[in-house]
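Fold and contact review
Residues per chain, in single letters:
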Amino acid sequence: MALSVKEKLERAAIGKAVDGVLHYVNQDREKNLLKLVDLVESLAGGMFRKESFDGARALIQEPDGKWMGYVNKLLDELHPNVIRTTALNLGYQAAYRGTKTTRQKREELQCNVPWLILMDPTSACNLKCTGCWAAEYGHQLSLSYELLSDIVKQGKELGIYFYMFTGGEPLVRKKDLIRLCREHSECYFNAFTNGTLVDEEFCREMQEVGNLSLNLSLEGFEEVNDGRRGKGTYEKVLRAMDLLKEYGLLFGTSICYTRANIETVTSDEFLDLLIDHGCRYSWYFHYMPVGNDAAVELIPTVEQRKYIFHRLREVRAKEGGKPIFVMDFQNDGEYVGGCIAGGRNYFHINANGDVEPCVFIHYSNVNIKDCTLVEALKSPIFMAYRDHQPFNGNHLRPCPMLENPEFLQQMVRETGAKSTDLQSPESAEHLCGKCAAYAQAWKPESEKLWESTPHKTPLYSNYKKK
């Protein structure tokens, strides 16, 4: 879908404002950042609270503050094309223009329409990591370039301009990923990767396109990481970080926390390591016992769940903590309204083409090779998600599998969704049975946390009108 004249004019205005920020330093940078906030508020003011813009201005006017230091470091160290393209594609096109369109499409189509799509270009991987749920699919599957591009084309018609990749190892297909970035230059792309295939040629290409960022998997220091991923992997990941930093590229980490590593991967020492190597953010993911052979003993304890809830807020606090932005959907539910899956804000297409509600929920009614995106979003299990979300009014209990296991079992049973695991299909009853004790134990503690956490009613909610 070609950009409208209005979109082209708005993109040009945002681009000019970003150029002003990049051109100046010190006081002029502050002035131009404030102009950028004013411009964004004039375009999208009705979509966000006024205090959000006031807060951004206050941050900018505090040059010695932690988060203004973080912003200045980004502006000083990232390549200008990366900054400009990220602002235009992820900021303007996806967060503003795309959001407006997806909201309209939800009303028009009467189904969930997401903000982003997560896809597996391939199930192949150059590593054999212990306990990797992606390995459950097998290693011989892939989505053709033509299909990947067609998914993006269909997505843009719905207002979706943000696409993530996982696998397998998506950088096995890095030439195709760069090709997608070029063909759909107004979109933003992000890949979860083990990092071992990052090289200088790929970094140069990423710098040139500007609309691709990476999340590198790291789950501890050398002994723990290499014990799961293979000897030498840790050093390869750090080398990849250093290369990405050298080329001024935006990247973060993807960290699965378990009962065994949760304290290590949230420690000051570990976060300092990430920051020193140029990492700007970190996704934290609660261990999910997916697969018939999943290690239930790795599910974090209730005390560990309480710990990480408080620890991540401490890390990203206005003062203290660390200058790295950390996120955890399981414990940041109040910011996204609980479960974001089932197309509410995202969904997953695996390397076989099966359209799944979530990267951790391997049940489906349809395959993207045989249907359109809209048909997938209107498939039975996706509509069941829409009917039942939020699965809990306490958004610290968001998941229909981990914290509310009765819902996933009901939805799979009522919709006839089939397991997409081609090697060892797992029933919803077996999967959810592994979560029942955890859900019961977490419930009273999460209620205490939820009651003590201040919440604001969102300006916009994309739940089905009950």
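The name recorded for the protein in an unreviewed UniProt entry is Radical SAM protein, from Anaerotignum lactatifermentans.

1. A word on the pairing of strand β1 (residues 116-119)
Remember that side chains alternate between the two faces of the sheet whenever the strand is regular. Burial along β1 is two-sided: the residues L116 and L118 and I117 and M119 are all buried. Sheet topology places β1 next to strand β8 (residues 346-349); 4 bridges connect them, and they run parallel. Along β8, the bridge assignment pairs L118 with H348.

2. A word on helix α8 (residues 200-209)
Restricting attention to buried positions, one finds in α8 the residues F202, C203, E205, M206 and V209. Projected onto a plane normal to the axis of α8, the buried residues spread over an arc of 160 degrees and lie on a single side. In this fold, the buried residues of α8 make contact with α5 (80-109), α7 (174-183), β4 (212-217) and α10 (233-246).

3. Examining the pairing of strand β3 (residues 188-193)
Judged by how many residues are buried, β3 sits mostly within the fold: 6 of 6 residues are covered. With burial as the criterion, each face of β3 is covered, one bearing Y188, N190 and F192 and the other bearing F189, A191 and T193. Alignment of strand β2 (residues 162-165) against β3, held across 4 bridges, turns out to be parallel. Counterpart to Y163 in the pairing with β3 is F189.

4. Observations regarding the nonpolar core
Of all hydrophobic cores here, the largest spans 141 residues; its most connected members are L214, I349 and L408. What L214 contacts, discounting residues up to four positions off in sequence, is L171, N190, A191, T193, V198, F202, M206, L244, L250, F251, G252 and Y281.

5. Structural notes on the sheet that holds β1
Strand order in this open sheet of 9 strands is β7-β6-β5-β4-β3-β2-β1-β8-β9, and the pairing throughout is mixed. Only two strands of the sheet have a single neighbouring strand rather than two, namely β7 (325-327) and β9 (355-356). In this structure, strand β5 (residues 251-257) lies alongside strand β6 (residues 281-286), joined through 5 bridges in parallel fashion. Each residue of the ladder has a partner; that of C256, found in β6, is F285. Contacts from helix α12 (residues 302-315) reach β5, β6 and β7 within the one sheet, and its direction differs from that of β6 by about 170 degrees.

6. Digging into the pattern of salt bridges
Summed over the entire model, instances satisfying the criterion amount to 34 salt bridges. Note that R204 and E200 form a salt bridge whose closest N and O atoms lie 4.0 Å from each other. Of this pair, R204 and E200 both sit in helix α8, 4 residues apart, which is roughly one turn of that helix. In this structure R204 comes out as partly exposed when scored by relative accessible area, which is 45%. Taken together, the salt bridges that share partners define one network made up of D38, E41, K50, D54 and R57.

7. Side note on empty space enclosed by the protein
Summed over the entire model, instances satisfying the criterion amount to 1 cavity of 30 Å³ or more. Counted as a void, the largest cavity has a volume near 70 Å³. Lining the largest cavity are 12 residues; nearest its centre among them are V290, G291, H362, D421 and E426. Classifying every residue of the lining of the largest cavity by side-chain character gives 5 nonpolar, 4 polar and 3 charged.

8. Quick word on the environment of P170
Note that P170 resides in the loop between β2 and α7. Take P170: its relative accessible area is 0%, and that puts it in the buried class. Taking the C-alpha atoms as reference points, P170 and V366, 196 residues apart in sequence, are found 23 Å from one another. Among residues more than four places away in sequence, those in contact with P170 are P121, F165, L177, A191 and F192.

9. With respect to the packing of aromatic side chains
For the structure on display, the rule yields 15 aromatic pairs. An angle of 75 degrees between the planes, with centres 6.3 Å apart, marks the rings of F48 and F53 as edge-to-face. Here F53 falls in the buried class, since its relative accessible area comes to 7%. An aromatic cluster is built from F192, W283, F285 and F329, whose rings are joined through pairwise contacts. It is R313 that lies over the ring of F309; its NZ or CZ is 3.7 Å from the centre.

10. Considering helix α3 (residues 50-60)
What sets the pattern is the α-helix's 3.6 residues per turn: residues three or four places apart point alike. F53, R57 and I60 are the residues of α3 that are buried. Viewed end-on, α3 has its buried residues packed into an arc of 60 degrees, placing them on one side of the element.

11. Some words on unusual backbone geometry
The omega torsion of the bond from G167 to G168 falls at 20 degrees, within 30 degrees of zero and hence cis. Within the element layout of this structure, G168 appears in the loop between β2 and α7. Residue P390 follows Q389 across a cis peptide bond; omega there is -5 degrees. Of note, the phi angle at Q110 is positive, near 55 degrees, even though the residue is not glycine.

Conventions used here
- Residues numbered from 1 in each chain as written.
- Predicted model: local features only at pLDDT ≥ 70, side-chain atom pairs only at ≥ 80, totals over all residues.
- Heavy atoms only, no water.
- Buried < 20%, exposed > 50% of the residue type's maximum accessible area, 1.4 Å probe, protein only.
- Helix = DSSP H or I, 4+ residues; strand = E, 2+ residues; numbered from the N terminus.
- Pairing = 2+ DSSP bridges.
- Arc of directions from axis to C-beta.
- Contact = heavy atoms within 4.5 Å.
- Core = buried A, V, L, I, M, F, W, Y, C linked by side-chain atoms within 4.5 Å.
- Axes fitted to C-alpha atoms, helices over the stretch in contact; angles between N-to-C directions.
- Salt bridge = Lys/Arg side-chain N within 4 Å of Asp/Glu carboxyl O.
- 1 Å grid on protein atoms, 1.4 Å probe; cavity = no way out; pocket = protein on both sides within 12 Å on 5 of 7 lines; lining within 4 Å.
- Points joined across faces, edges and corners; volume = space filled by probe spheres on them.
- Nonpolar A, V, L, I, M, F, W, Y, C, P; charged D, E, K, R; others polar.
- Phe/Tyr/Trp six-rings, centres within 6.5 Å; stacked < 30°, edge-to-face > 60°.
- Lys NZ or Arg CZ within 6 Å of the ring centre and 35° of its normal.

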